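The chain contents come next:
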Amino acid sequence: MLEYGLARPEEEQALLDFGNYVFSMSHEPTDFRVLQPRIYGRPGFSKITQVAREEGRILGMVSAITGSLMAGGESLRYGYVGTVAAHPYHRGRGIMKRLMADTLNSLRQQGCDVAVLGGQRQRYQHFGFEDAGGKLALYLSQGSMVHVLGPGKRDRFRFLPLEENSGEDLQRLHRLHQSQTLVCSRPLSDFPLILRTWGGSAYRIYEGDSLAGYCYVLGGDVKEFALFDRELAPEVFQALLNTLQRTGMQVTLRPFELADHARLFACADSWEMSPALMVSVFNWQAFLQTLLRFKASLQPLAAGQRVLDIAGTGAYEITVTDKIVSVRETGLEADMALDPLAALRLTTLPLSQPLYPQHPFFNWFPLPFDIPSADAF
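Residues numbered from 1 in each chain as written. Predicted model: local features only at pLDDT ≥ 70, side-chain atom pairs only at ≥ 80, totals over all residues. Heavy atoms only, no water.

J.: Quick question: what am I supposed to make of the overall build of the chain here?
T.: Looking only at helices and strands, the chain has 13 helices and 19 strands in total. Here the chain has a C-alpha radius of gyration of 22 Å; the compact-globule value for 377 residues is 21 Å, and the two agree. Expressed along its principal axes, the backbone C-alpha trace of the chain runs to roughly 65 × 55 × 35 Å. The buried share of the chain, reckoned over its 377 residues, is 53%. Sequence separation of 24 or more characterises 71% of the internal contacts of the chain that already satisfy a separation of 6 or more. Total accessible area computed for the chain in this model is approximately 17000 Å², and 50% of it derives from carbon and sulfur atoms. Treating the 36 positive side-chain charges of the chain as one cloud and the 40 negative ones as another, the clouds have centres 1 Å apart. (Helix = DSSP H or I, 4+ residues; strand = E, 2+ residues; numbered from the N terminus. Rg over C-alpha atoms; globule rule 2.2 N^0.38 Å. Buried < 20%, exposed > 50% of the residue type's maximum accessible area, 1.4 Å probe, protein only. Contact = heavy atoms within 4.5 Å. Areas by Shrake-Rupley, 256 points an atom, 1.4 Å probe, with all protein chains shown as cover. Lys, Arg positive; Asp, Glu negative; His and termini not counted. Charge placed at Lys NZ, Arg CZ, Asp CG, Glu CD.)

What follows is the structure, encoded as structure tokens:
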């Protein structure tokens, strides 16, 4: 008989072995201790892992970490679901359905506003998740950079590994990260570990002897960066191409960041947009209010009042006056009624306008939403 519950501390090595086995069988050779060092590189992850056992043998596991997404001056509590694994010989027994339900219930009880994960869209729609947010990938080639910037100075920028012993520079870069908009709160002690997620590498960037910023590189592409002077971005990435001896790379931005990087966009050979990740919203009032207030800090929003009814969760009166945004539950008649998956498509996807061309919510949507790749699980 299957038994479900939290993992035990003494099972942690068995959990690692099980996760590595399942993902190696399904995908490619996997070592979660390397891919997720902040979670599986130290003891304690049994506390965040739901398991299925039969006669003491692990047949399924799902882990979930929690964190805070800082959006301007406010925050959302999120739970990130990862290492979703069922033994390949025991699928079809409802193991994953039960483990996902237990994990999501646990995140609700911990006060999370949203749950997020990455994976196959239709599979996780069954658990209430839908694509949300957007990432913009700029492809920079050696040729396109030279065409816009000229050959550049090869020795202008230096790139050194960001490690735990990086001293005062580590503290300065951590403060730089925390000062950005729409970022996950990261403890200083975990900052270098987080920037090794999925086998990535983090670099301190110097212009001469002056610290200029940092970048997180995964598979030869830049998934995250922060610079004290944003205008330097094109020259920094031209130098990084030369340093890494690559003919081209992708640099990821969030759509709302494009206004600060017009020069970088001009250097792009091509670009593409994709969903940020999959989301299930537990607290729609907090989700809508926090992200609408953040968007209002980025651009003017049309003043007005509208009601969005989300099936199974409630109706929400949204009021915008100047830059003041409020969202509250209401019994008023809805201007639009949607199921939760459709509501996520409307409120967060860059394609919300063509998907819902007659929606009555002015320029309020799409909302800026993302969990950075280095914080992924």
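J.: Please explain the packing of helix 6 (residues 142-149) against helix 9 (residues 233-244) as it appears in this structure.
T.: For any two helices packed against each other, one specifies the inter-axial angle together with the distance between the axes. Where helix 6 contacts helix 9, the two axes come as close as 10 Å, and the packing angle between them is 140 degrees. Taken as axis vectors, helix 6 and helix 9 run oblique relative to one another. Pair helix 6 / helix 9 crosses with left-handed handedness. Contacts between helix 6 and helix 9 pair Q142, M145, V146 and L149 from the former with P234, E235, F237, Q238, L241 and N242 from the latter. (Axes fitted to C-alpha atoms, helices over the stretch in contact; angles between N-to-C directions. Parallel < 35°, antiparallel > 145°, perpendicular 65-115°, else oblique. Left-handed = near helix turned anticlockwise from the far one by under 90°.)

J.: Would you mind going over the layout of surface pockets with me for this structure?
T.: In this approach, a probe sized like a water molecule rolls over the atoms, and the result shows the empty space that is left. Computed from the structure, the largest pocket encloses a volume of approximately 1100 Å³. Around the largest pocket, the lining is made up of 46 residues, and of these L117, G118, G119, W198 and F377 lie nearest the centre. Looking at the lining of the largest pocket, the elements with two or more residues in it are helix 1 (12-26), helix 2 (32-35), strand 4 (74-86), helix 5 (121-125), strand 7 (135-141), strand 13 (248-253), strand 14 (270-274) and strand 15 (277-281). The greatest single-element share of the lining of the largest pocket, amounting to 7 residues, is contributed by strand 4. Classifying every residue of the lining of the largest pocket by side-chain character gives 25 nonpolar, 13 polar and 8 charged. Lining the second largest pocket are 35 residues; nearest its centre among them are T181, R254, P255, F256 and E257. Of all the secondary-structure elements, those providing two or more residues to the lining of the second largest pocket are strand 12 (221-227), strand 13 and helix 11 (284-298). When residues in the lining of the second largest pocket are grouped by element, the largest group, 5 residues, is from strand 12. (1 Å grid on protein atoms, 1.4 Å probe; cavity = no way out; pocket = protein on both sides within 12 Å on 5 of 7 lines; lining within 4 Å. Points joined across faces, edges and corners; volume = space filled by probe spheres on them. Nonpolar A, V, L, I, M, F, W, Y, C, P; charged D, E, K, R; others polar.)

J.: I tried to follow the environment of M145 on my own but got confused; where do I start?
T.: For M145, the location among the structural elements is in helix 6. In sequence terms M145 and V62 are 83 residues apart; their C-alpha atoms lie 43 Å from each other. In this structure M145 touches L140, G150, P234, F237, Q238, L241 and C267, once residues within four positions along its chain are discounted.

J.: Help me understand the packing of helix 11 against helix 12 (residues 340-348), please; the structure alone is not making it clear to me.
T.: Taken N-terminus to C-terminus, the directions of helix 11 and helix 12 make an angle of 5 degrees; their axes are 12 Å apart at the nearest point. If you check the angle between helix 11 and helix 12, you find them roughly parallel. Each of W284, F287 and L288 in helix 11 lies in contact with helix 12, whose residues at this interface are P340, A343, L344, T347 and T348. For the contact of helix 11 with helix 12, a count of residues per class yields 6 nonpolar, 2 polar and no charged.

J.: What should I look at first to understand the packing of aromatic side chains in this one?
T.: Inspection of every chain in the model, using the stated rule, returns 14 aromatic pairs. Judged by centre distance (6.1 Å) and plane angle (45 degrees), the rings of Y40 and F377 are tilted. Separated by 337 residues along the polypeptide, Y40 in helix 3 (residues 37-40) and F377 in the segment after helix 13 (352-355) bring together distant segments of the chain. Judged on exposure class, the residue Y40 and its partner F377 are both buried. Plain terms: the ring middles of F361 and W364 are 6.3 Å apart, the flat faces sit at 45 degrees to each other, and that makes the pair tilted. As far as the burial class goes, F361 and W364 line up, both buried. (Phe/Tyr/Trp six-rings, centres within 6.5 Å; stacked < 30°, edge-to-face > 60°.)

J.: Would you explain empty space enclosed by the protein in this entry?
T.: Counted by the stated rule, this structure contains 1 cavity of 30 Å³ or more. For the lining of the largest cavity, the elements supplying multiple residues, two or more each, are helix 9 and helix 10 (262-267). Ranked by the residues each element gives to the lining of the largest cavity, the list is headed by helix 10, at 3 residues. Of the residues that constitute the lining of the largest cavity, the class distribution is 4 nonpolar, 1 polar and 4 charged.

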